[in-house]
Amino acid sequence: MFETFNQHNFYELCDYLASKDQELASVLAKYGYPPFWTRPNTFESLVHIILEQQVSLASALAAMQKLKAKIGAVTPANFLKLNDEELKACYFSRQKTVYVRDLAEKIGSGQLDLSQLEKLPDNEIREQLKKVKGIGDWTVHIYLIFILHHTDVFPTGDLAAVNALKSLKKLPKDTNKDELLRVVADWKPFRTIGLMMIWHYYLEERKPANRKKS
């Protein structure tokens, strides 16, 4: 059975990993606990994740805010009322328009039931979500992490996670994905928690005040 975490056991799991990994312990000592990042299991949340593919978080948020201003509630039915030009005005690229329309159609028709995904293991969730155009491994991983809170996910396709891990562990820049997975193998079955800790490290290290101290 897959394991999940929640706001009540999050700090405890961070402490557990820190007890096993001195670099993660150093993150806690310097920056404290990471935020408990979470999103509801909704069409809107999946749209937001699709918008975040290969762009900055700020760009994705700007598009989401434009969309919400245009249609109010971000539901499949409301989204499907918009034409290409209206979506372009909401900063949707041609590709992402295709992706989100397909998602809206599949949810609207009942081909994809997000509430049912909560009961499935990772591999079955991946199989269901990847039937949607434009949803690949990265999007599935982010869904598992932020929305369903599965405990043992590490997205090697996430640039921030990869760069943070290399920096924290002082790994060569050319370290490949298989080697990265070996490095985080000791975090099992809580690799998601370790991931949140290194994302926290990555974001804190990039803050101007902390850069000056380094």
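J.: What exactly am I supposed to notice about unusual backbone geometry here?
T.: What is expected of a backbone is that most residues other than glycine have negative phi and most peptide bonds are trans. With an omega dihedral of 0°, the bond running from K188 to P189 counts as a cis peptide bond. Position of P189 among the secondary structure elements: in the loop between α12 (177–183) and α13 (191–205). Even without being glycine, H149 reaches a positive phi, approximately 55°. Among the secondary structure elements, H149 is positioned in the loop between α10 (137–147) and α11 (159–169). Looking at H149, the relative accessible area reads 9%, which means it is buried.

J.: Explain the pattern of salt bridges to me, please; I cannot follow it from the model alone.
T.: Within this structure, the stated rule accounts for 12 salt bridges. Ionic pairing is found between E205 and K30, a salt bridge with its closest N-O pair at 3.5 Å. Of the two residues, E205 sits in helix α13 while K30 sits in helix α2 (residues 22–31), which places them 175 residues apart along the sequence. A relative accessible area of 21% means that E205 is categorised as partly exposed. Between K207 and E204 there is a salt bridge whose closest N-O contact spans 2.9 Å. Residue class for K207 comes out partly exposed when judged on its relative accessible area of 41%. E204 sits in the buried class, given a relative accessible area of 15%.

J.: Could you clarify how one ought to interpret α11 in this entry?
T.: Residues that lie three or four places apart on an α-helix share one face, since the helix turns once every 3.6 residues. Judged by how many residues are buried, α11 sits mostly within the fold: eight of 11 residues are covered. Along α11, the positions that sit buried rather than exposed are A160, A161, V162, A164, L165, K166, L168 and K169. Buried residues along α11 sit in contact with α2, α12 and α13. The N-terminus of α11 is capped by D158, whose side-chain oxygen sits 3.3 Å from the backbone nitrogen of A160. Positioned one or two residues after α11, K170 has a phi angle of 55°, which is positive.

J.: What is the right way to read the packing of helix α9 (residues 122–129) against α10 from this model?
T.: Two numbers describe how α9 lies on α10: the axes approach to 10 Å, and their chain directions differ by 130°. With respect to their mutual orientation, α9 and α10 come out oblique. Note that α9 runs across α10; the crossing there is right-handed. Across the interface between the two elements, D122, I125, R126 and L129 from α9 touch D137, V140, H141, Y143 and L144 from α10. Along the lines of polarity and charge, the residues of the contact of α9 with α10 split into five nonpolar, one polar and three charged.

J.: I tried to follow the packing of aromatic side chains on my own but got confused; where do I start?
T.: Aromatic rings in a pair are described by how distant their centres are and how their planes are angled relative to each other. This model, assessed by the stated rule, comprises 11 aromatic pairs. Each ring, one from F5 and one from F10, has its centre 5.9 Å from the other, and the planes form 25°; the classification is stacked. Given the relative accessible area of 1%, F10 is considered buried. Aromatic side chains F79 and F92 sit 5.7 Å apart centroid to centroid with 50° between the ring planes, which places their arrangement in the tilted category. You can see F79 sitting in helix α5 (residues 76–79) and its partner F92 sitting in the loop between α6 (84–89) and α7 (94–108), a full 13 residues away along the chain. In this structure, F79 and F92 share a single accessibility class: buried. Taken together, the aromatic side chains of F5, F10, Y11, Y33 and F36 make up a single cluster linked through ring pairs. Over the aromatic face of F146 sits the side chain of R39, whose NZ or CZ is 5.4 Å from the ring centroid.

Reading the values: rules and limits
Residues numbered from 1 in each chain as written. Predicted model: local features only at pLDDT ≥ 70, side-chain atom pairs only at ≥ 80, totals over all residues. Heavy atoms only, no water. Helix = DSSP H or I, 4+ residues; strand = E, 2+ residues; numbered from the N terminus. Buried < 20%, exposed > 50% of the residue type's maximum accessible area, 1.4 Å probe, protein only. Salt bridge = Lys/Arg side-chain N within 4 Å of Asp/Glu carboxyl O. Contact = heavy atoms within 4.5 Å. Polar contact = N/O pair within 3.5 Å; in protein donor to acceptor, adjacent residues only side chain to side chain. Axes fitted to C-alpha atoms, helices over the stretch in contact; angles between N-to-C directions. Parallel < 35°, antiparallel > 145°, perpendicular 65-115°, else oblique. Left-handed = near helix turned anticlockwise from the far one by under 90°. Nonpolar A, V, L, I, M, F, W, Y, C, P; charged D, E, K, R; others polar. Phe/Tyr/Trp six-rings, centres within 6.5 Å; stacked < 30°, edge-to-face > 60°. Lys NZ or Arg CZ within 6 Å of the ring centre and 35° of its normal.

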